Number of protein chains: 2
Amino acid sequence: MKEYLENINKAFESKVRLGIMSVLLVQEKVDFNTLKETLQLTDGNLASHLRALEEAEYLRVEKQFVGRKPNTTYYPTYAGSKAFKNHLDALEQLILNNRQNDAFFL
Amino acid sequence: MKEYLENINKAFESKVRLGIMSVLLVQEKVDFNTLKETLQLTDGNLASHLRALEEAEYLRVEKQFVGRKPNTTYYPTYAGSKAFKNHLDALEQLILNNRQNDAFFL
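Bear in mind the structure is a predicted one, so any value in this text is a computation, not a measurement.

A. Representation of the relation of the copies chain A and chain B. Between the two copies, chain A and chain B, the superposition gives an RMSD of 0.0 Å; the rotation angle is 180 degrees and the shift along the axis is 0.0 Å. Such a turn and shift between the copies fits a two-fold axis. For chain A, the minimum C-alpha distance to the rotation axis belongs to E13 of chain A and amounts to 2.8 Å. Of the residues that chain A buries at the interface, 100% are likewise interface residues in chain B, meaning the two copies contact each other through the same surface.

B. Main features of the UniProt feature "domain: Winged helix DNA-binding" (unreviewed entry) in chain A. Here, UniProt's "domain: Winged helix DNA-binding" (unreviewed entry) annotation points to residues 16–95 of chain A. Across residues 16–95 of chain A, helical content stands at 64% and strand content at 22%; the span's end C-alpha atoms are separated by 20 Å.

C. Representation of the sheet that holds strand β3 (residues 69–76) of chain B in the model. Residues and elements named next belong to chain B. In space, the 3 strands of this open sheet follow the order β1-β3-β2, with antiparallel pairing throughout. What marks the edges here is a single partner per strand, and that holds for β1 (30–31) and β2 (59–66). Alignment of β1 against β3, held across 2 bridges, turns out to be antiparallel. Of the residues in β3, the one forming a bridge with V30 is Y74.

D. Inspection of the pattern of salt bridges at higher detail. The tally for this structure, following the rule as stated, stands at 12 salt bridges over all chains. Its salt-bridge partner being E92 of chain A, residue R99 of chain B comes within 3.2 Å of it at the nearest N-O pair. Taken together, the residues span two chains, with R99 of chain B in helix α5 (residues 78–99) and E92 of chain A in helix α5 (residues 78–99). Look at R99 of chain B and you get partly exposed, because its relative accessible area is 28%. By relative accessible area, E92 of chain A is classed as partly exposed at 28%. Each of the salt bridges in this network shares a partner with another, and the network as a whole consists of K85, D89 and E92 of chain A together with R99 of chain B.

E. The arrangement of the interface of chain A and chain B in detail. On the side of chain B, 40 residues touch chain A, which itself brings 40 residues to the contact. Both faces combined, the contact of chain A with chain B buries some 3800 Å², and carbon together with sulfur accounts for 65% of it. Linking chain A with chain B are 14 residue pairs in polar contact (both at pLDDT 80 or more). With 14 residues, α5 of chain A is the single largest residue contributor to the side of chain A that touches chain B. A class-by-class count of the residues in the side of chain A that touches chain B yields 19 nonpolar, 10 polar and 11 charged.

F. Layout of the pairing of β2 of chain B. Residue and element names in this part refer to chain B. Strand direction decides the pairing type here: β2 and β3, joined by 8 bridges, are antiparallel. From the neighbouring strand, R60 faces β3, where its bridge partner is Y75. Where β2 folds back on β3, the antiparallel hairpin that results is connected by 2 residues, among which G67 adopts a positive phi of roughly 65 degrees.

G. Quick look at the sheet that holds strand β3 (residues 69–76) of chain A. The antiparallel open sheet is built from 3 strands, whose spatial order is β1-β3-β2 (chain A). The sheet is open, and its two borders are formed by β1 (30–31) and β2 (59–66) of chain A, each paired with just one other strand.

H. Region of interest: the packing of helix α2 (residues 15–27) of chain B against α5 of chain B. Residues and elements named next belong to chain B. Packing of α2 against α5 brings their axes to within 11 Å, and their N-to-C directions diverge by 120 degrees. With respect to their mutual orientation, α2 and α5 come out oblique. Seen along the crossing, α2 lies across α5 with a hand that is left-handed. Across the interface between the two elements, L18, M21, S22 and L25 from α2 touch G80, S81, F84 and H87 from α5. Classifying every residue of the contact of α2 with α5 by side-chain character gives 4 nonpolar, 4 polar and no charged.

So, how was this worked out
Residues numbered from 1 in each chain as written. Chains lettered and ligands numbered in written order. Predicted model: local features only at pLDDT ≥ 70, side-chain atom pairs only at ≥ 80, totals over all residues. Heavy atoms only, no water. Least-squares fit on C-alpha atoms with pLDDT ≥ 70 in both. Contact = heavy atoms within 4.5 Å. UniProt positions renumbered as here; feature names shortened; annotations may be inferred. Helix = DSSP H or I, 4+ residues; strand = E, 2+ residues; numbered from the N terminus. Pairing = 2+ DSSP bridges. Salt bridge = Lys/Arg side-chain N within 4 Å of Asp/Glu carboxyl O. Buried < 20%, exposed > 50% of the residue type's maximum accessible area, 1.4 Å probe, protein only. Buried area = accessible area lost by both parts, 1.4 Å probe. Polar contact = N/O pair within 3.5 Å; in protein donor to acceptor, adjacent residues only side chain to side chain. Nonpolar A, V, L, I, M, F, W, Y, C, P; charged D, E, K, R; others polar. Axes fitted to C-alpha atoms, helices over the stretch in contact; angles between N-to-C directions. Parallel < 35°, antiparallel > 145°, perpendicular 65-115°, else oblique. Left-handed = near helix turned anticlockwise from the far one by under 90°.

Okay, structure coming up:
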């Protein structure tokens, strides 16, 4: 398999996870509801992808109470930032590889 | 959801499908065995992703016999090339969006 394809990280394959990591890296931290609104997802769908990224140690979770309301905040880990950056680099290589051959088909 | 995330195409989410479409667009046409060797996949795994892309009408299939041996060749369709290009454009936007914010974390 071509090197850039090997570097594509299965943990980030889904659009939802690309969205989560993007928001996390751009905003440094984000709470559940903001993420849900930004990505327009259901609670269950968002929660399952967050759990997968937490299990991969790509993000960490802080649970707090704001008054009586629970509030969950997500932070990217260093490993998560690094892995996501490598993933984006691999995608970039894929794009460049395809752009070189753009002319003949489109 | 951010526009570039909306334009990420679920049909191309997996690394295998990114690989298939990449090879198809670069080489214009490709047979099953070459694809299998290039992407280092099992027959079953490759076949199931090819079927999904065929059902989406992103590639077309030609079956022939070379002597007594069956030989299957895959071609990208115009719709497939267009859709893959849009997908790569969306990934590029994702990358650019993240690169703008690279400085503070890594």
